[in-house]
Amino acid sequence: MGNPKAFLTVPRKEAGYRPVHDRIHDFGEVEQTLNTRDRQEQASRCMDCGVPFCHWACPLGNKDPEWNDALYRGEWETAYKILKKTNDFPEFTGRICPALCEKSCVLYLTTGEAVTNRENECAIAERAFLEGYVTIEHPVRNGKKVAIIGAGPAGLAAANQLNHKGYEVTVFDRNEAAGGLLRYGIPNFKLNKPIIDRRISVMEQEGVTFVYGKHLHVEALAADTTHAAEAEQMKAALGTPDAIVIATGTPTARDLNIPGRELKGIHLALELLSQQNRVLAGAEYSKEERITAKGKKVLVIGGGDTGSDCIGTAHRQGATSVTQIEIMPQPPVGHNPATPWPHWPAILKTTSSHQEGCERRWNINTLEFLGKEGQVTGVRVQPIDWKPNPAGGRPIMVEAGEPETVEADLVLLAMGFLHPQHPPFPCNVFVAGDAANGASLVVRAIASGRSVAEAVDAFLHP
Ligand SMILES: Cc1cc2nc3c(=O)[nH]c(=O)nc-3n(C[C@H](O)[C@H](O)[C@H](O)COP(=O)(O)OP(=O)(O)OC[C@H]3O[C@@H](n4cnc5c(N)ncnc54)[C@H](O)[C@@H]3O)c2cc1C
Ligand code: SF4
């Protein structure tokens, strides 16, 4: 702890976003960076608490107090070495982690101004690439092979860990490039894709093999598979690995099967987001295939982060208006007594995309899609309220006011994902990330990939 009193004298300072009028015209990252002096000063605010709750709250167990101290002292390489011991990809989490650690930071709990751990993490990772602390390692091979299906953060973390332990690792993905939702879900304005390419290049140079465009039927790996033909295809594709890791994410988005769902102009959020990211990577779509908000009134159904990503994308595509509706009530601002620490605070979140302009409405149920000549023109909605359930459990939804129509010619459904179901697999097949735990966070996917890598290593004990 370099400066024991910094937390009393140095206020939290965030790098902030590029100005709205500038950023909505492009898909570049919206977050800015602090200069070196300010960054180190922010790190000095970490009090190196006797029991660091931040370290406990981070699913990776990142040692924030230790790397904050090294950062404060200007020992960037040491800071990176500490960080990389627990986090394979700090350049991803440093950009898009909701920073579970910061909501457990003692400074947050006492003053509301956490140490800027996430931004500090990103700064350390970027400096490491810039100054060459990210070196190429050549692990000694142990003669065993592992196949990984899915190149999202969980599969990548498992691959990275197993490769460094000496396994010969091949990662298969149905997409044309690695990253999973990092590449084909999260918009470029939150995570620029060359950041992923840079890491994949390191992993390739260290010996990980990537095979793209392979959609594998993972059910065929089941212990009692009835998919004999697919099982044969799987064998042909994977070869004879000693273990297999399934890290295929949550493929099924929750749909809204109400009258009018067949109308044109209604899309699952990922249809828009993945296509936009592909367009930015150079893909071309016909006019019929292309989903765009240009000149349209956009309605986003679902008040979470995926919905927020749709809002930012719609702004950049040139929407004339954007509305977001959510069936649950508006969370409190700032503090929620119903979710005291150590719970994640259920408080109102205003993202950079919300700041760019958007009407947000809560307690709204969706009744039917309205259309003209096969094209959606609006959504009939019902304002509602939630009453406590006398029998306990989920509150009861009651009508509150008259149904109304929200005009829209592009509707985006951002209502989460179904929990994946898997058959029992043989003992050398492991499941990681969202495929194992349901839709979650990048930091949890990385943590899961790392722990599955440990389980594979213990199983194969070379
Ligand atoms: C729009 C959106 C925004 C998000 N924003 C954030 C955020 O800001 N911060 C955050 O922490 N989390 C965010 N998340 C959640 C986060 O992206 C996921 O929790 C995380 O990516 C899960 O990682 P994963 O590796 O388990 O799965 P995924 O990232 O889904 O990767 C799975 C991979 O498996 C491949 N695959 C699937 N099936 C097959 C098959 N049969 N054969 C071959 N390959 C297959 C897919 O192509 C994909 O590459 C967001 C999610 C979405 C949808
Ligand atoms: S990965 Fe997320 S929770 Fe962990 S230290 Fe970084 S910002 Fe905090």
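Note that the structure is predicted; figures quoted are calculated from it, not measured.

> Looking at this structure, I do not really get the site of ligand 2. What am I missing?
Looking at ligand 2, the residues that line it are C58, N62, D64, T93, C97, A99, L100, C101, R118, E121 and V443. Of the residues contributing to the shell around ligand 2, the split by class is six nonpolar, two polar and three charged.

> Please explain the site of ligand 1 as it appears in this structure.
Lining the immediate surroundings of ligand 1 are 32 residues, of which I96, D173, L216, D434 and V442 lie closest. A distance of 3.0 Å separates an oxygen atom of ligand 1 from a polar backbone atom of L181. Take A247: an N or O atom from its main chain is 3.4 Å from an oxygen atom of ligand 1. The set of elements that each furnish at least two residues to the shell around ligand 1 consists of α10 (153–164), α15 (305–317) and α18 (442–460). Split by residue class, the shell around ligand 1 holds 15 nonpolar, eleven polar and six charged.

> Would you mind showing me how to read the packing of helix α3 (residues 36–43) against helix α5 (residues 64–72) here?
Each pair of packed helices gets described by two things: the angle between the helix axes and the distance between those axes. Contact pair α3 / α5: the axes reach a minimum separation of 8 Å and the direction vectors enclose 140 degrees. In terms of orientation, α3 lies oblique with respect to α5. As α3 runs across α5, the sense of the crossing is left-handed. Here α3 contributes R39, Q40 and A43 to the contact with α5, which in turn contributes N68, L71 and Y72. When the residues that make up the contact of α3 with α5 are grouped by side-chain class, the tally is three nonpolar, two polar and one charged.

> Looking at this structure, I do not really get α3. What am I missing?
Two residues of an α-helix separated by three or four positions point the same way, owing to the 3.6 residues in each turn. Those residues of α3 that fall on the buried side of the exposure criterion are D38, R39, Q40, Q42 and A43. Next to the buried residues of α3 lie α5, α6 (76–86) and α9 (117–131).

> Whenever I open this one, the nonpolar core confuses me. Can you help?
Across soluble globular proteins, nonpolar side chains have a tendency to be buried as a group. V146, I148 and V456 are the most contacted members of the largest nonpolar core, which totals 43 residues. Residue contributions to this core peak at nine residues, all from α18. Here this core spans two domains, and each of domain 1 (6–131) and domain 2 (145–251 + 419–460) adds at least three residues to it. Setting aside chain neighbours within four positions, we find V146 in contact with L162, Y167, E168, V169, T170, P241, A243, V245, V456 and L460. Counting residues in hydrophobic clusters, the runner-up holds 17 residues, among them I301, F369, V376 and L413.

> What am I meant to see in the domain arrangement of the chain here?
Often, the extent of an interface is quoted as the loss of accessible area on bringing the components together. Along its sequence, the chain is organised into domain 1 (6–131), domain 2 (145–251 + 419–460) and domain 3 (266–413). Taking only C-alpha atoms, the centre of domain 2 and the centre of domain 3 are 31 Å apart. Taken together, the twelve residues of domain 2 in the interface contact eleven residues of domain 3. Of all residues in domain 2, the largest losses of buried area upon contact with domain 3 belong to Y184, N188 and F189, amounting jointly to 53% of the total for that side. Seen at the junction of domain 2 and domain 3, the total is two salt bridges. In this structure, K190 and D309 form a salt bridge, with 3.0 Å as the shortest nitrogen-oxygen distance. Along the contact surface separating domain 2 from domain 3 lie five residue pairs in polar contact (both at pLDDT 80 or more). Across the side of domain 2 that touches domain 3, the residue classes tally to five nonpolar, three polar and four charged.

> Mind showing me how you'd approach the side chain of Q276 here?
Assignment of secondary structure puts Q276 in helix α14 (residues 269–280). Each residue touching Q276, except ones within four places of it in the same chain, is listed here: F27, R290, T313 and Q317.

> Is there a simple way to explain the sheet that holds strand β8 (residues 359–361) in this structure?
Two orientations exist for strands paired in a sheet by backbone hydrogen bonds: parallel and antiparallel. Spatial ordering of the open sheet is given by β5-β13-β6-β7-β8, a layout of five strands whose pairing is parallel. The sheet terminates laterally at β5 (266–268) and β8, the two strands that pair on one side only. Across the sheet, the mean angle from the axis of one strand to that of its neighbour is 20 degrees, orientation sign disregarded. Looking at chain direction, β5 and strand β13 (residues 410–413) are connected through three bridges and run parallel. Residue pairing in the sheet places L268 in a bridge with L413 of β13. Sheet strands touched by α14: β5 and β13. Its angle to β5, the strand with the most contacts, is close to 75 degrees. Contacts from α15 reach β6 (297–301), β7 (321–325) and β13 within the one sheet, and its direction differs from that of β7 by about 175 degrees.

Cut-offs and rules
- Residues numbered from 1 in each chain as written.
- Chains lettered and ligands numbered in written order.
- Predicted model: local features only at pLDDT ≥ 70, side-chain atom pairs only at ≥ 80, totals over all residues.
- Heavy atoms only, no water.
- Near = heavy atom within 4 Å.
- Nonpolar A, V, L, I, M, F, W, Y, C, P; charged D, E, K, R; others polar.
- Polar contact = N/O pair within 3.5 Å; in protein donor to acceptor, adjacent residues only side chain to side chain.
- Helix = DSSP H or I, 4+ residues; strand = E, 2+ residues; numbered from the N terminus.
- Axes fitted to C-alpha atoms, helices over the stretch in contact; angles between N-to-C directions.
- Parallel < 35°, antiparallel > 145°, perpendicular 65-115°, else oblique.
- Left-handed = near helix turned anticlockwise from the far one by under 90°.
- Contact = heavy atoms within 4.5 Å.
- Buried < 20%, exposed > 50% of the residue type's maximum accessible area, 1.4 Å probe, protein only.
- Core = buried A, V, L, I, M, F, W, Y, C linked by side-chain atoms within 4.5 Å.
- Domains from an automatic or database assignment.
- Buried area = accessible area lost by both parts, 1.4 Å probe.
- Salt bridge = Lys/Arg side-chain N within 4 Å of Asp/Glu carboxyl O.
- Pairing = 2+ DSSP bridges.

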